[in-house]
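Fold and contact review
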Amino acid sequence: MPRSLALFGIGLVFGGGIGFLVAAGNGITLDGHDHSDPRAHGESAHGDTHDTMNVNGAHASHDAVISLPDAVDAPSLDVAIAPDPVSGWNLHLLVQNFRFAPEHASSPHIPGEGHAHVYVNGTKIARLYGPWLHIADLPAGDNEVIVTLTANDHSQLAVGDKPLRQVMTVSVAP
C-alpha cells in the first residue's frame, strides 16, 4: 500500500508538471479571468435562467438583432404547447430553413443555424437545441411563454422587421 501511494504522488507531481509545460508551450496562461466581465463566461456558467426580456421583446443581455431578407428560404418558427399526460407541459418547435446547432453555440453567426431561447413570464428557463422541451411546472394563473430563434451568438433573428418569436399564454388552474 505505501508503494502505491508513493507512485501515485510521483504521478501527480510529474503529470502536473508535464501539464504545466504543455500549457505554457501552447501559450496558455493560468492567470484566471475577471468574474465581473460577463464575456468571461458562457450564459450557463452563472445561471442561464437569469436572462430576461425587455419590454420590446429583446433579450436584456443580448439586444443585437440579425435581420434576414424576407425570401422564400427565410427561416420560420411555429410553436405548440400542450399539457403532458403525466405532468407539466410539452413545447414543440416547428422550424423551417433553420438548423439547431449546439456545436456552434456562443460562436459567430452562421446563416441558417442557431438555437432557441424559452422564456416563462419574462425569465429565460432554457436554451433549446432541438424541437422539443418539457416544462415541468408552470405557476397557477396565466403564464406568458415566449420562444425566440437566435443566432449562434445569441442575437435575435428576424425576417425583415419581424422577430422570429412566438408569444403564447398558458392558463394553469389553481
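Residues numbered from 1 in each chain as written. Predicted model: local features only at pLDDT ≥ 70, side-chain atom pairs only at ≥ 80, totals over all residues. Heavy atoms only, no water.

1. Things to note about the side chain of H115
- Here H115 is to be found in strand β5 (residues 113–120).
- Owing to a relative accessible area of 0%, H115 belongs among the buried residues under this scheme.
- Within polar-contact distance, the side chain of H115 engages the side chain of H117 at 3.0 Å.
- Within the structure, the side chain of H115 is placed 3.1 Å from the side chain of H154, a separation counted as a polar contact.
- With residues near it in sequence (within four places) discarded, H115 still touches F98, F100, R127, L128, Y129, T148, L149, T150, A151, N152 and H154. (Helix = DSSP H or I, 4+ residues; strand = E, 2+ residues; numbered from the N terminus. Buried < 20%, exposed > 50% of the residue type's maximum accessible area, 1.4 Å probe, protein only. Polar contact = N/O pair within 3.5 Å; in protein donor to acceptor, adjacent residues only side chain to side chain. Contact = heavy atoms within 4.5 Å.)

2. Digging into the sheet that holds strand β3 (residues 89–96)
- With antiparallel pairing, 3 strands are arranged side by side in an open sheet as β2-β3-β7. In this open sheet, the two edge strands, each paired with only one partner strand, are β2 (76–83) and β7 (132–135). The average undirected angle you get between the axes of adjacent strands in this sheet is 20°.
- Bridging between β2 and β3 involves 8 bridges; their strand directions are antiparallel. What sits directly across from D78, in β3, is L94. (Pairing = 2+ DSSP bridges. Axes fitted to C-alpha atoms, helices over the stretch in contact; angles between N-to-C directions.)

3. Points about the pattern of salt bridges
- As enumerated under the stated definition, the model contains 2 salt bridges in all.
- Taking the shortest distance from any N to any O, the salt bridge between R99 and E103 comes out at 2.8 Å.
- The partly exposed category is assigned to R99, whose relative accessible area is 38%.
- Across the pair R99 and E113 runs a salt bridge whose closest N-O atoms are separated by 2.9 Å. With R99 in strand β4 (residues 99–100) and E113 in strand β5, this pair connects stretches of sequence that are 14 residues apart.
- The structure contains a network of salt bridges with shared partners spanning R99, E103 and E113. (Salt bridge = Lys/Arg side-chain N within 4 Å of Asp/Glu carboxyl O.)

4. Thoughts on unusual backbone geometry
- Located in the positive-phi region is N97, a residue other than glycine, with phi close to 55°.
- Within the secondary structure layout, N97 lies in the loop between β3 and β4.
- Of the residues examined, N97 reaches a relative accessible area of 41% and is grouped as partly exposed.
- Non-glycine residue S106 carries a positive phi angle of around 65°.
- Among the secondary structure elements, S106 is positioned in the loop between β4 and β5.

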